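A structural walkthrough
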Protein chains: 2
Amino acid sequence: MAGCRMKLELSRVVQGSGRLGVLKDLGKTGQHSLEVPGCLLHTHLGTVPHLTRDTLQTLSNLPAVTQVTLSNIAEHQEVLEEFKDGFRRFAGLHNTVLYCSLHDPATPCPTGYTTNKTVSVWGSGGRIELTVARFMALQKTVQPDWYQSMADGETWQSGTSRKRVRKSVDRTLAHLDECLLAHQNSQELEGVEVFGVVEGGDILEERVRSGRETAKRPVAGFCLDGLQTGSMHQALRTQLIAAVTEELPEDKPRLLQGVGRPDEVLACVEAGVDLFEGFFPSQVTERGCALCFGFGISSDPELAGRAPPAVLELAEEKEASGETQHNGDSNPADQSRMTSFEIDLKDKRYKDDFRPLVEGCGCYCCVNHQRAYLHHLLVTNELLARVLLMIHNTAHYQAFFRALREALANDKLDVLKRRVLKEMTD
Amino acid sequence: MAGCRMKLELSRVVQGSGRLGVLKDLGKTGQHSLEVPGCLLHTHLGTVPHLTRDTLQTLSNLPAVTQVTLSNIAEHQEVLEEFKDGFRRFAGLHNTVLYCSLHDPATPCPTGYTTNKTVSVWGSGGRIELTVARFMALQKTVQPDWYQSMADGETWQSGTSRKRVRKSVDRTLAHLDECLLAHQNSQELEGVEVFGVVEGGDILEERVRSGRETAKRPVAGFCLDGLQTGSMHQALRTQLIAAVTEELPEDKPRLLQGVGRPDEVLACVEAGVDLFEGFFPSQVTERGCALCFGFGISSDPELAGRAPPAVLELAEEKEASGETQHNGDSNPADQSRMTSFEIDLKDKRYKDDFRPLVEGCGCYCCVNHQRAYLHHLLVTNELLARVLLMIHNTAHYQAFFRALREALANDKLDVLKRRVLKEMTD
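Bear in mind the structure is a predicted one, so any value in this text is a computation, not a measurement.

Contacts between the two partners involve 44 residues from chain B and, on the opposite side, 44 residues from chain A. For the pair chain B and chain A, the two sides together bury roughly 3600 Å², of which 63% comes from carbon and sulfur. Our enumeration of links across chain B and chain A arrives at zero salt bridges. Scanning the region where chain B abuts chain A turns up 15 residue pairs in polar contact (both at pLDDT 80 or more). Taken together, the residues of the side of chain B that touches chain A break down into 18 nonpolar, 16 polar and 10 charged.

Right under this line is the structure:
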């Protein structure tokens, strides 16, 4: 049976301000665990973009779960079937829990291609239509530890009709039942966990129905879909999530898809989300930017020292340049525009800025290079710029999640929230 | 005075088959050395393309000399002047000898822009015209250990008139005298070495005159310019080099610019060249290819085992595909086309090839990944492909130079030559 081994141990649950705990017994041998709230390691075709495993390992406290997506993998099905040893070995991954999702949260997905029996994913070679049978055949080839079941998620655009939303919930439940049946009849998938997908667009009753029905099935956890950045305002998102999580069992993890901005992460944690997809650092890197927001709330100067300089600096820089940086809500459809949590190193003002990206950051990039050198690498189009930015952005984002867990443990989520939201208004 | 410290100790000189030795007392403190025949570490804006220093250090036996080029640096002069600590620190380089050349051998340079008093380099922002004064000001800012003097190298196109070639030799000598004068009057450049540049196009007498005259100046070594791949046939190149090196003192190194193909390297070593610019692996990487030629000549199976499988394989693959791979001579103007020493991993036939790039290669890429995974990374445009290819290509090329020195030491250059040329005819 699916969903029988993964175990969520919550050490702290405060209504309206999040859950703190550890997701235990992950992986085939059950030796991995993941602290929540936490984020998965986002990959593109099995690699954290641009980084070798060796380079990645120089970062401490990486999440034990790596996310790969069927949209990257589906077109390689034949090759993987011939390879036989699963995607983990194909991509040279070792010692990580493999989670397989349907779509890549960092890449927008065209709508209009689902039917009663199929969903579509987009690879580099175009659209691939998946039936439940093909979807499950792919899972057998990929050999993940954990995958999301097939889902019709085409309801995230505002203005989707109630009828369409209802259909999406029905279809997604039907897909889940089919997936679970195939799963239970498959020897290859023994010990692999299934996450059910909660749909329902922006309609509260459908969200609640989707959550309640999914929770009746033998799933290991829940993916909350259709709530991604750009789909709705944060207030509505929080309201929907809070309503859904009330329907879900306490002891199973909730993974929110498509949300990565620090301010949104904080609000969603308060609403009861445990896990996030870690695609945000990749997006920031792709636009040549560096995460540079403060999240230090400790009164211990040694701990606090890591982040505050970045905060002050960022505020200063914005002022100096007369920049008006909005948060994404002002342009909800565009996930790819710069947020107020980052600095654009292609900007001329960094050409003679000899400071590290973030004063006190211990990542390889900040220890060895200055902003001016990164600016020059970006301007002359040298790929090392992306490599160095990816190192820093991954380190910074993971440190933010550590700070978030610390804040939860010490009843200081409010302080952290004020600090992070300050970045947006400064 | 320039050129007083670097020391070339030759352990073996065989007329017509190369010089073996060590270039000693390199760097400000004289603690570095470089085996010859050897190649420099080619960089783009101070980085071996796409690799962090950490990743680079996973390769053993890297050359102690890093080459940077004024074409990358000139446009950053103001920033470097403000930075004050030289280009080595600006680029986060440590513990390496810095050699500064005029042009980037991996990038073609437009002609028609030299005057009696100036040469031009092309950066990402366009053309920058250098007088000797600006050239020397740049050297003071870059703070290399060793640089090539300013030179008029616009005679490499076949059909350049004798008059133009003579003018280029005269100008280059005049530039050298001016550079040396400015150098000797500069405190900042104390202890820095100057290489004189030998020009002369494809005209034997001018080559000899340029060599003879340059050798009269107090230079530490010689750059042989205008002989790059694409400029002439190998037989003519070898003849010109042999004639020039006869005019040059035995105890100073000769660096050949713009030649990197293994077959051409071997011929030029025989003609008396000591050093090469290491840009060839970068070019191979940029076209998505992997070096995969054999150079194992040892009868010790453990040593030989490293390379032979690659040879057999390459021959097999060419046959199987009916590919006709020419060496560059058949299209001499095009430096960027694939050579017969590499395989094109974007080719469909690698999509289910689960072998490493080169059987037995110990580089990070070959130990951890298969050709099929690299194919997929390339096809989906993931930058990690370039990172991994650059690791392998650098390791393979450096191993080739080690094999070349071993062959020279053991009187087996002929065997190596046959082995390498076999790659071209198979």
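From this point, the narrative continues.
With that settled, consider the sheet that holds strand 2 (residues 19-26) of chain B. Residues and elements named next belong to chain B. On the basis of which strands lie adjacent, the open sheet formed by three strands has the order 1-2-3 and antiparallel pairing. Every interior strand has two partners, whereas the edge strands, strand 1 (7-13) and strand 3 (32-36), have only one. Adjacent strand axes in the sheet meet at a mean angle of 15°, parallel and antiparallel pairs treated alike. Of the pairings in the sheet, the one linking strand 1 to strand 2 comprises six bridges and is antiparallel in character. Bridge pairing links Val 13 to Arg 19 in strand 2. Helix-sheet contacts for helix 15 (residues 384-409) involve strand 1, strand 2 and strand 3, and the interaxial angle to strand 2 is about 120°.

With that settled, the discussion passes to the packing of aromatic side chains. Two aromatic rings are characterised by how far apart their centres lie and by the angle between their planes. All names here are of chain A. According to the stated counting rule, one finds 36 aromatic pairs over all chains in the structure shown. Ring centres 4.9 Å apart and planes at 70° place the aromatic pair Tyr 113 and Trp 122 in the edge-to-face group. Judged by relative accessible area, which is 35%, Tyr 113 ranks as partly exposed. Here Trp 122 falls in the partly exposed class, since its relative accessible area comes to 26%.

Regular strands place their side chains on alternate faces of the sheet. Residue and element names in this part refer to chain B. The buried fraction of strand 7 (residues 97-101) amounts to five of the five residues, a majority that puts the element mostly inside the structure. Side chains Val 97, Tyr 99 and Ser 101 of strand 7 all project onto a buried face; the interleaved residues Leu 98 and Cys 100 project onto the opposite face, where all are buried too. As defined by bridge partners, strand 6 (residues 65-69) adjoins strand 7 across five bridges and the pair is classed as parallel. Note that in strand 7 the partner of Val 68 across the bridge is Cys 100. Bridging between strand 7 and strand 10 (residues 146-148) involves two bridges; their strand directions are parallel. When the bridges of strand 10 are listed, Tyr 99 appears paired with Trp 146.

Moving on to the relation of the copies chain B and chain A. Laying chain B over chain A is done by rotating through 180° and shifting 0.0 Å along the axis; what remains is an RMSD of 0.0 Å. Both copies are brought into coincidence by an operation consistent with a two-fold rotation axis. Every residue of chain B has its C-alpha some distance from the rotation axis, and the shortest such distance is that of Thr 55 of chain B, at 3.4 Å. Interface overlap between copies is the fraction of interface residues in one copy that are interface residues in the other; for chain B against chain A it reaches 100%, indicating a shared surface.

Another aspect to go through is the sheet that holds strand 13 (residues 254-256) of chain A. Residue and element names in this part refer to chain A. Strand order in the open sheet made by the nine strands is 4-14-13-12-11-10-7-6-5, with parallel pairing throughout. The sheet terminates laterally at strand 4 (38-39) and strand 5 (41-42), the two strands that pair on one side only. Those strands touched by helix 6 (residues 162-184) are strand 10 (146-148) and strand 11 (193-198), and its axis lies near 170° from that of strand 11.

What counts and how
Residues numbered from 1 in each chain as written. Chains lettered and ligands numbered in written order. Predicted model: local features only at pLDDT ≥ 70, side-chain atom pairs only at ≥ 80, totals over all residues. Heavy atoms only, no water. Contact = heavy atoms within 4.5 Å. Buried area = accessible area lost by both parts, 1.4 Å probe. Salt bridge = Lys/Arg side-chain N within 4 Å of Asp/Glu carboxyl O. Polar contact = N/O pair within 3.5 Å; in protein donor to acceptor, adjacent residues only side chain to side chain. Nonpolar A, V, L, I, M, F, W, Y, C, P; charged D, E, K, R; others polar. Pairing = 2+ DSSP bridges. Helix = DSSP H or I, 4+ residues; strand = E, 2+ residues; numbered from the N terminus. Axes fitted to C-alpha atoms, helices over the stretch in contact; angles between N-to-C directions. Phe/Tyr/Trp six-rings, centres within 6.5 Å; stacked < 30°, edge-to-face > 60°. Buried < 20%, exposed > 50% of the residue type's maximum accessible area, 1.4 Å probe, protein only. Least-squares fit on C-alpha atoms with pLDDT ≥ 70 in both.

Note that all results are geometric; they support no functional claim without further evidence.
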